[in-house]
Amino acid sequence: MEEHRINSSRDIIRILTAIVLITVILYYGRTLLVPLSFAMLISFVLYPFCNWLEKKGFNIYIAIGLSLLVVFIPLSLVVSLLVYQALLFSQDWPLIKDKLYEVIEVFRIYLENDWKVSRLVQDNWISTWMENSYTYVFPFLRQVLSGSAVSMVLLVLIPFYVAMVLYYRKLIVKAIFALFPQAKQSEILLVLKESISAYYGFIKGMAIVYLLVAILNSIGLALLGIPHPVLFGIIASLLTFIPYVGITIGAILPMSIAWITYDSWTYPMGVIIVFTIVQYLEANLIFPLAVSSRMNINTLFMIIAIIAGGVIWGAAGMILFVPFVAILKLISERVESLQSLAILLSDDPMLDKKSNKIKEPPMQI
């Protein structure tokens, strides 16, 4: 009995040590691992199309190039749409700037007449505020520029990694097979196929998320009476992929148009409220349900994966850790010692996969 307790304690220590070690590797290796993970995800999605082109007689280089175009063309359309909207916004900027000056002047007159704050005192306040704001604005801008630079590098690295993964996919599979005995290779192949299916299901779930967010944004803006609600709703939905800055950019356009159209702060505030509610629903309800239902992972561990990914890899981890958990579930279902983990991750732990019957619990909880 005592020996059993010692062995159990050693197993727990080994598990905790492995968790800490993996977390450290993931955190400090994120510069390399994040683009590689995105490349693997995109490669899994593009593999069926690339393989189909090769079976049709296309050269592997041409097949990979056409597969990358499947991603590049929609991305180019989105970027073109954003550039077009930015040009329209720049045309309205002088009017927006004039309105901003008018609001500031009205507020200064209010302070001077009702609160007896002289213009000189107000100018001193503004000067002090400007000096203090530099302390916070410049680090924020530096962080944004640094994040943008990293994003630009990723935009170059990820397509390259995708092409390499697709080109060397057979070699990678052979290397994975070499790690396991021959008797296990059929199971490993099944796990690989199901992993590709899990990634594909994840992408479909993400498409549903963006579609629902776009619909909710459009309905909210339409109820407020904002011009072009569908266009602004779609743009805001797509921009949520960019951390922090994306949702801000997505809100600025409809807020500015609402301000110009109605000459009131009520409508821009309404836009902020709509986007805040939609983002809360997307983060806490739509994303976990839409993606977890596709990947057969319970909502609790879906949320844990999102939070853990955000802590370790930031916004990229919130996207990537979900399919990681799905693959971990696929592996744990086939490893006898990890059956408890498979039950924890399962969306329906009472379901017997082999007989498709509901197992009775050993005890009521």
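Preceding this section is the structure that the text describes.
So, here is what we can say about the structure in this document. Just so you know, these numbers come straight off a predicted model, no measurement behind them. (Residues numbered from 1 in each chain as written. Predicted model: local features only at pLDDT ≥ 70, side-chain atom pairs only at ≥ 80, totals over all residues. Heavy atoms only, no water.)

### Examining the overall build of the protein
Point 1. Within the protein, the secondary structure is distributed over 12 helices and zero strands.
Point 2. Along the protein, helices and strands appear, N-terminal first, in the series α-α-α-α-α-α-α-α-α-α-α-α.
Point 3. Across the protein, the fraction of contacts at a sequence separation of at least 24, relative to all contacts at a separation of at least 6, is 62%.
Point 4. Approximately 23,700 Å² of the protein is accessible, and the part contributed by carbon and sulfur atoms is 71%. (Helix = DSSP H or I, 4+ residues; strand = E, 2+ residues; numbered from the N terminus. Contact = heavy atoms within 4.5 Å. Areas by Shrake-Rupley, 256 points an atom, 1.4 Å probe, with all protein chains shown as cover.)

### A few points about the pattern of salt bridges
Point 1. Per the counting criterion, the structure on display carries four salt bridges.
Point 2. Residues R169 and E54 are paired through a salt bridge, measuring 2.9 Å at the closest nitrogen-oxygen approach. With R169 in helix α5 (residues 169-178) and E54 in helix α2 (residues 30-55), the pair connects residues that are 115 residues apart, well separated along the chain.
Point 3. R169 gets classed as buried once you look at its relative accessible area, which sits at 13%.
Point 4. Here E105 makes a salt bridge to R119, at a shortest N to O gap of 2.7 Å. A residue pair is termed long-range when its members are at least 10 positions apart, and E105 in helix α3 (residues 60-114) and R119 in helix α4 (residues 119-167) qualify at 14 residues.
Point 5. Residue class for R119 comes out partly exposed when judged on its relative accessible area of 28%.
Point 6. One connected set of salt bridges, linked through shared partners, spans E105, E112 and R119. (Salt bridge = Lys/Arg side-chain N within 4 Å of Asp/Glu carboxyl O. Buried < 20%, exposed > 50% of the residue type's maximum accessible area, 1.4 Å probe, protein only.)

### Topic: the packing of α2 against helix α11 (residues 315-332)
Point 1. Interaxial distance between α2 and α11 falls to 11 Å at its minimum, and their mutual angle equals 50°. By the criterion of interaxial angle, the relationship of α2 to α11 is oblique. Of the two elements, α2 crosses α11, and the hand of that crossing is left-handed. Touching V34, S37, F38 and L41 of α2 are A316, I319, L320, P323 and F324, all from α11.
Point 2. Of the residues that constitute the contact of α2 with α11, the class distribution is eight nonpolar, one polar and no charged. (Axes fitted to C-alpha atoms, helices over the stretch in contact; angles between N-to-C directions. Parallel < 35°, antiparallel > 145°, perpendicular 65-115°, else oblique. Left-handed = near helix turned anticlockwise from the far one by under 90°. Nonpolar A, V, L, I, M, F, W, Y, C, P; charged D, E, K, R; others polar.)

### A few points about a nonpolar patch on the surface
Point 1. Residues F49, W52, F58, I62, L66, L69, V70, V71, F72, I73 and L77 make up a contiguous nonpolar surface patch of about 990 Å² in total accessible area.
Point 2. Elements supplying a minimum of two residues to the nonpolar patch: α2 and α3.
Point 3. Take the nonpolar patch: its biggest share by element is eight residues, from α3.
Point 4. Among the structural elements, V71 can be located in helix α3. (Patch = residues over 30% accessible without salt bridge, like charges linked within 9 Å, V, L, I, M, F, W, Y side chains within 5 Å.)

### Comments concerning the environment of I260
Point 1. Looking at the element boundaries, I260 is found in helix α8 (residues 245-262).
Point 2. Separated by 164 residues in sequence, I260 and I96 place their C-alpha atoms 6.9 Å apart.
Point 3. Contacts of I260, omitting those with residues within four sequence positions, involve D92, L95, I96 and K99.

### Concerning α11
Point 1. An ideal rise of 1.5 Å per residue puts 26 Å on 18 residues; α11 measures up with 26 Å between its terminal C-alpha atoms.
Point 2. Within α11, 13 of the 18 residues are buried, which leaves the element mostly enclosed by the surrounding structure. (Expected span 1.5 Å × (residues − 1).)

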